[in-house]
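Each chain is listed here by its residues.
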Amino acid sequence: MSVYQLQKFLYDLNRDSGVQTRYRSEPEGLLGEYELTEEERTALAAGDVGLIYVLGANGQLLMHFAAFLGLSWPAYLQAMRDGVTRHGPVRAGVYAMTTGVGEKVAGV
Amino acid sequence: MSLVFAGICSHAPGITGRANLADEALRAPFYDAYHRMREQLWATRPDALVIIAAEHFANFFMNNMPSFAIGMADQYSGPIEDPGWLSIARRSIPGNSTLSRELICEIMQTADIAFAEEWKFDHGIMVPLHFLTPNYDLPVVPVNINCQGPPLVPLHRAWVFGEAVRRAADRIPQRIAVIGTGGISHWPATPDSGKINEAWDRKFLERWTRNDREALLSYSDLDTYRDAGQGGFEIRTFISVAAAARGRGQLHHYAPIPIFAVGCTIATMEVAA
Ligand SMILES: [Fe+2]
């Protein structure tokens, strides 16, 4: 159930510049408004794209978040691969990785 | 008056945002096809563009998810994404709330839809508009089919929705263009980004150009997920356009461009009686 709250946070952040400002100025207060597990809260506060991916966030929500964080395209893809290497396969949702961690389909 | 134009096109954010990373020999012909689609669209002198898109949580979320939603505003805005990342500047886009309302009321006769007086566009709409209405001078009626947050509407309902769009367009005095935007097979927003099942895509497009209703509606979501990735759920938008146009399609461009994460597609469909 809780991955829903994680996704809701990303949804709110991605579309609302006010939430984006709060994420930068007072992340604890902002994240406290969502029912997150400790792991989710830490991952969001740190902008840990790899862990958020493994937790099962919808990929589109995460992709927009990664763009907001300023990750380049290769860095974003690599962060997700690193997340799987570190934390294991994606735990929920339909955005699982079907390629190998060393496989770069688009060359990046 | 009627539906005057129908087409489908890809909307992946890499098309604009990662243009500089693409092989020029692949990018240029695709952009050319998009530009020819713009010329074809404008040659039909449309009064408004109905854009049937699959958005990515720009407006609709699992707290209150409509299967179908139609915009009813005089103005929209976009992109929600970082404009530098998408290489499309943030701006307002003209709508037409009166026209939207007329279409909505007629569509509601046979399809259950939500309406929205606020709408922020994401790449699903901004990328096609960037090519097709670069001066943002054609009023847009945004449509969303939920292709992101399961449970997803069955394909046969996307067909019925397309039929309703057609009936509505035929009942109003304005000249309406309709486009569907989405990907065919693709695994976007995963480390698999760039994976494309070209054989699956070509088979789908062959069914689409034949406007073979039965074949288009025969995909199960499980099969689509296995063979075409979660991105394949967006075929709903293409299916609605086929139902609206009723004619034969013409494929103008198809080529996988891995850095764009999708088989880049441009096709139009004859509007049949
Ligand atoms: Fe999409």
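Computed from a predicted model, the values in this text were never measured in an experiment.

A.B. asks: Teacher, can you tell me more about the interface of chain B and chain A here?
C.D. replies: Interface size, as often reported, equals the accessible area lost upon joining of the parts. Contacts between the two partners involve 31 residues from chain B, matched on the other side by 29 residues from chain A. Across the chain B/chain A interface, buried area totals approximately 2900 Å², and carbon plus sulfur atoms make up 63% of it. Its largest share of buried area at the contact with chain A, chain B owes to Phe61, Ala189 and Pro191 of chain B, together 24% of the area lost on that side. The interface formed by chain B and chain A contains zero salt bridges. The tally of links between chain B and chain A comes to 13 residue pairs in polar contact (both at pLDDT 80 or more). Across the side of chain B that touches chain A, the residue classes tally to 15 nonpolar, nine polar and seven charged.

A.B. asks: How should I be thinking about helix α5 (residues 123-132) of chain B in this particular structure?
C.D. replies: Quick reminder: α-helices carry 3.6 residues per turn. Residues three or four places apart thus point the same way. Burial runs high along α5 of chain B: nine of the 10 residues are buried. For α5 of chain B, every residue scored as buried is listed here: His123, Gly124, Ile125, Met126, Val127, Pro128, Leu129, Phe131 and Leu132 of chain B.

A.B. asks: How should I be thinking about unusual backbone geometry in this particular structure?
C.D. replies: Residues apart from glycine generally show negative phi values, whereas peptide bonds are mostly found in trans. All names here are of chain B. For the peptide bond that leads from glycine 78 to proline 79, omega is -5°, which places it in the cis range. Tracing the sequence through the fold places proline 79 in the loop between β4 (75-78) and α3 (83-86). With an omega of 5°, the peptide bond between proline 150 and proline 151 qualifies as cis. Within the secondary structure layout, proline 151 lies in the loop between β7 (140-145) and α6 (155-171). Of note, the phi angle at tyrosine 136 is positive, near 50°, even though the residue is not glycine. Within the secondary structure, tyrosine 136 is located in the loop between α5 and β7. One non-glycine residue, alanine 261, adopts positive backbone phi at about 70°. The exposure class of alanine 261 is buried, given its relative accessible area of 4%.

Calculation rules
Residues numbered from 1 in each chain as written. Chains lettered and ligands numbered in written order. Predicted model: local features only at pLDDT ≥ 70, side-chain atom pairs only at ≥ 80, totals over all residues. Heavy atoms only, no water. Contact = heavy atoms within 4.5 Å. Buried area = accessible area lost by both parts, 1.4 Å probe. Salt bridge = Lys/Arg side-chain N within 4 Å of Asp/Glu carboxyl O. Polar contact = N/O pair within 3.5 Å; in protein donor to acceptor, adjacent residues only side chain to side chain. Nonpolar A, V, L, I, M, F, W, Y, C, P; charged D, E, K, R; others polar. Buried < 20%, exposed > 50% of the residue type's maximum accessible area, 1.4 Å probe, protein only. Helix = DSSP H or I, 4+ residues; strand = E, 2+ residues; numbered from the N terminus.

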